[in-house]
Amino acid sequence: MAITRFLSSTTLLLLLFQYCSIFIPILTIGSVAAQTNISTDQSALLAFKSHIISDPQNNLTANWSTSNYDICNWVGVSCNVRHHRVTALNLSYMGLTGTIPPHLGNLSFLVELEVRNNSLGGTLPPELSHLRTLKLISLRFNDFNGTIPSRFGSLSKLQTFDLYGNQISVSIPNDIFNLSALQVLNLRDNELSGSIAREIGNLTMLKRVFLDFNMFEEIPNLIGSKDEVETLFLQVNALKGPIPVAVFNMSFLTVLALTQNNLSGSLPDNIYASIFQAFKR
Ligand SMILES: *[C@@H]1O[C@H](CO)[C@@H](O)[C@H](O)[C@H]1NC(C)=O
Ligand SMILES: *[C@@H]1O[C@H](CO)[C@@H](O)[C@H](O)[C@H]1NC(C)=O
Ligand SMILES: *[C@@H]1O[C@H](CO)[C@@H](O)[C@H](O)[C@H]1NC(C)=O
Ligand SMILES: *[C@@H]1O[C@H](CO)[C@@H](O)[C@H](O)[C@H]1NC(C)=O
Ligand SMILES: *[C@@H]1O[C@H](CO)[C@@H](O)[C@H](O)[C@H]1NC(C)=O
Ligand SMILES: *[C@@H]1O[C@H](CO)[C@@H](O)[C@H](O)[C@H]1NC(C)=O
Ligand SMILES: *[C@@H]1O[C@H](CO)[C@@H](O)[C@H](O)[C@H]1NC(C)=O
Ligand SMILES: *[C@@H]1O[C@H](CO)[C@@H](O)[C@H](O)[C@H]1NC(C)=O
């Protein structure tokens, strides 16, 4: 059944390509990418620049200018050769102050967004959820506040989500556990609280988890059923109740940090065997 459907849609595509190429744009209607071009990318970057209130090293001041006509030559901007569209934005270590405007959600080919070690603040625009090709978000060491937009749960290609060292508060929205490609979740040193939902168990690619230095109160037992996790940092939170024993059965776990919480209960008899297993790897 499924194979038949696959074959017939492939056949349909071939027919379109062979005989009616004029109709092909119909196939992409509805995708934002099809309706945007390099000018859209340029306005998005200029909107970002207009939201920068301090650029102490003048990294963008003269460089991000329409007289430097190809935005692919702008500092921190990388483009895809074939489509000539912005695929990466890396404005790390520039000492920038300001906010991220919703316009960045128009960079429809963006794969990497990294602005680590600046003083950018304000809330995370939910419009970034339009960036369906994003694989990396690293906003680490800034002053972002507010909550994690639940719409980020639709970033189906996202592999690294790094908000280390900001002031993000409230809890992790359950939609975040829709991020099926996620490998690294780094929310260390924010102001997050509440419980870590059991849906974290849905993230089957997750390898490194940093939830330490927050105010989380509960970890689900389920986290221990996630075999692929290698590092799990939960120290310095407000976790209470017994340590989920299942964490000691996680086969790839090499680092588990739980200190400075209100956890209770005893450690399993085989804990030394688990630690030994961990050290062997
Ligand atoms: C981008 O698209 C707009 C209309 O959507 C058009 O006016 C503009 O000329 C296009 N720019 C380029 C560089 O293709
Ligand atoms: C930003 O400007 C400083 C000072 O001119 C320079 O040292 C640094 O390399 C620039 N950063 C980038 C990414 O070009
Ligand atoms: C902008 O910065 C890039 C990368 O640092 C550099 O190659 C380019 O020459 C600069 N352009 C202008 C007009 O300053
Ligand atoms: C962004 O730039 C910084 C500093 O140049 C570099 O360390 C980092 O690896 C870059 N990020 C990406 C994703 O290339
Ligand atoms: C880009 O995004 C902003 C804010 O989300 C929106 O107002 C604007 O119309 C968008 N489109 C273009 C082509 O700049
Ligand atoms: C980045 O910011 C962190 C936290 O403020 C600081 O510890 C680190 O030294 C900074 N890194 C660089 C290369 O400036
Ligand atoms: C969030 O950041 C913005 C911009 O830096 C700031 O104006 C605002 O006061 C901050 N809000 C809170 C609650 O800290
Ligand atoms: C996450 O998945 C749930 C259940 O399938 C769905 O209802 C929700 O809309 C999804 N969230 C996002 C932001 O895509």
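In what follows, the accompanying structure is described.

Each value, and the rule that gives it
- Residues numbered from 1 in each chain as written.
- Chains lettered and ligands numbered in written order.
- Predicted model: local features only at pLDDT ≥ 70, side-chain atom pairs only at ≥ 80, totals over all residues.
- Heavy atoms only, no water.
- Helix = DSSP H or I, 4+ residues; strand = E, 2+ residues; numbered from the N terminus.
- Buried < 20%, exposed > 50% of the residue type's maximum accessible area, 1.4 Å probe, protein only.
- Contact = heavy atoms within 4.5 Å.
- Areas by Shrake-Rupley, 256 points an atom, 1.4 Å probe, with all protein chains shown as cover.
- Near = heavy atom within 4 Å.
- Polar contact = N/O pair within 3.5 Å; in protein donor to acceptor, adjacent residues only side chain to side chain.
- Nonpolar A, V, L, I, M, F, W, Y, C, P; charged D, E, K, R; others polar.
- Pairing = 2+ DSSP bridges.
- Core = buried A, V, L, I, M, F, W, Y, C linked by side-chain atoms within 4.5 Å.
- Axes fitted to C-alpha atoms, helices over the stretch in contact; angles between N-to-C directions.
- Disulfide = S-S within 2.5 Å.
- Expected span 1.5 Å × (residues − 1).
- Arc of directions from axis to C-beta.

Overview of the overall build of the protein chain
For step 1, the next point in the chain: Looking only at helices and strands, the protein chain has four helices and 18 strands in total.
For step 2, the next point in the chain: Counting across all 281 residues of the protein chain, residues that qualify as buried make up 43%.
For step 3, the next point in the chain: Long-range contacts, defined as pairs at least 24 residues apart, comprise 49% of the intrachain contacts of the protein chain with a sequence gap of at least 6.
For step 4, the next point in the chain: Carbon and sulfur atoms form 56% of the exposed surface of the protein chain, whose accessible area is close to 14,400 Å².

A closer look at the site of ligand 3
For step 1, the next point in the chain: Close contacts around ligand 3 come from Asn63, Asn68, Asn73 and Val75, and that covers them all.
For step 2, the next point in the chain: Note that an oxygen atom of ligand 3 is positioned 2.2 Å from one of the side-chain N or O atoms of Asn63.
For step 3, the next point in the chain: Here Asn68 contributes a side-chain N or O atom positioned 3.5 Å from a nitrogen atom of ligand 3.
For step 4, the next point in the chain: Relative to its free-state accessible area of 360 Å², ligand 3 is covered by the protein chains to the extent of 36%.
For step 5, the next point in the chain: When the residues that make up the shell around ligand 3 are grouped by side-chain class, the tally is one nonpolar, three polar and no charged.

Comments concerning unusual backbone geometry
For step 1, the next point in the chain: With phi around 50 degrees, Asn58 is a residue other than glycine that occupies positive phi space.
For step 2, the next point in the chain: Along the chain, Asn58 turns up in the loop between β1 (52-54) and β2 (77-79).
For step 3, the next point in the chain: Although it is not a glycine, His84 sits at a positive phi angle of roughly 55 degrees.
For step 4, the next point in the chain: Here His84 shows up in the loop between β2 and β3 (86-90).
For step 5, the next point in the chain: For His84, a relative accessible area of 35% corresponds to the partly exposed category.

As for the site of ligand 7
For step 1, the next point in the chain: What surrounds ligand 7 is the set Gly121, Gly122 and Asn145.
For step 2, the next point in the chain: Measuring from an oxygen atom of ligand 7, one finds a backbone N or O atom of Gly122 at 3.1 Å.
For step 3, the next point in the chain: Within the contact set of ligand 7, an oxygen atom lies 2.4 Å away from a side-chain nitrogen or oxygen of Asn145.
For step 4, the next point in the chain: Protein contacts shield 28% of the accessible area of ligand 7, which totals 360 Å² for the unbound molecule.

What about the pairing of strand β12 (residues 191-195)?
For step 1, the next point in the chain: Note that strand β10 (residues 167-170) and β12 share two bridges and pair parallel. Looking across to β12, one finds that Ser169 is bridged to Glu191.

Considerations on the nonpolar core
For step 1, the next point in the chain: Residues Leu89 and Phe161 are the most contacted members of the largest nonpolar core, which totals 62 residues.
For step 2, the next point in the chain: Broken down by secondary-structure element, the contributors of at least two residues to this core are α3 (38-50) and β3.
For step 3, the next point in the chain: In terms of residue count, the dominant contributor to this core is α3 (three residues).
For step 4, the next point in the chain: Leave out the neighbours within four places in its chain, and Phe161 touches Ile137, Ile148, Phe152, Leu182, Val184, Leu185, Asn186 and Leu187.

As for the sheet that holds β2
For step 1, the next point in the chain: The nine strands lie next to each other as β2-β3-β5-β7-β9-β11-β13-β15-β17, forming an open sheet whose pairing is mixed. The sheet terminates laterally at β2 and β17 (255-257), the two strands that pair on one side only. Recorded for the sheet is a direction-independent mean angle of 10 degrees between the axes of neighbouring strands.
For step 2, the next point in the chain: Two strands pair when backbone bridges link them, and β2 and β3 are joined in this way by three bridges, in the antiparallel orientation.

Notes on the state of the cysteines
Throughout this description, disulfide means a covalent bond between two cysteine sulfur atoms.
For step 1, the next point in the chain: All told, the structure shown has one disulfide when counted by the stated rule.
For step 2, the next point in the chain: Bridging Cys72 to Cys79, the disulfide has an S-S length of 2.0 Å. Because the torsion about its S-S bond is -90 degrees, the bridge between Cys72 and Cys79 counts as left-handed.
For step 3, the next point in the chain: Assessed through its relative accessible area of 15%, Cys72 is described here as buried.

Some points on α3
In an α-helix, one full turn covers 3.6 residues, which means residues spaced three or four apart are oriented alike.
For step 1, the next point in the chain: Counted at 1.5 Å a residue, the expected span for α3 with its 13 residues is 18 Å, and the 18 Å between its end C-alpha atoms agrees.
For step 2, the next point in the chain: Every buried residue belonging to α3 is among Thr40, Asp41, Ala44, Leu45, Ala47 and Phe48, and all of these are buried. Seen from one end, α3 has its buried residues packed into an arc of 155 degrees, which puts them on one side.
For step 3, the next point in the chain: Looking at the buried side of α3, the elements it contacts are β1, β2, β3, β4 (97-99) and β6 (119-122).

A short note on the sheet that holds strand β8 (residues 143-146)
For step 1, the next point in the chain: As summarised here, the arrangement of the seven strands in space is β1-β4-β6-β8-β10-β12-β14, forming an open sheet in which the pairing is mixed. On the outer flanks of this sheet lie β1 and β14 (215-218), each paired with one strand and no other. Mean inter-strand twist for the sheet, computed between neighbouring axes without regard to direction, equals 20 degrees.
For step 2, the next point in the chain: The pairing of β6 with β8 spans two bridges and is parallel. Residue pairing across strands places Gly122 opposite Phe144, the latter belonging to β8.

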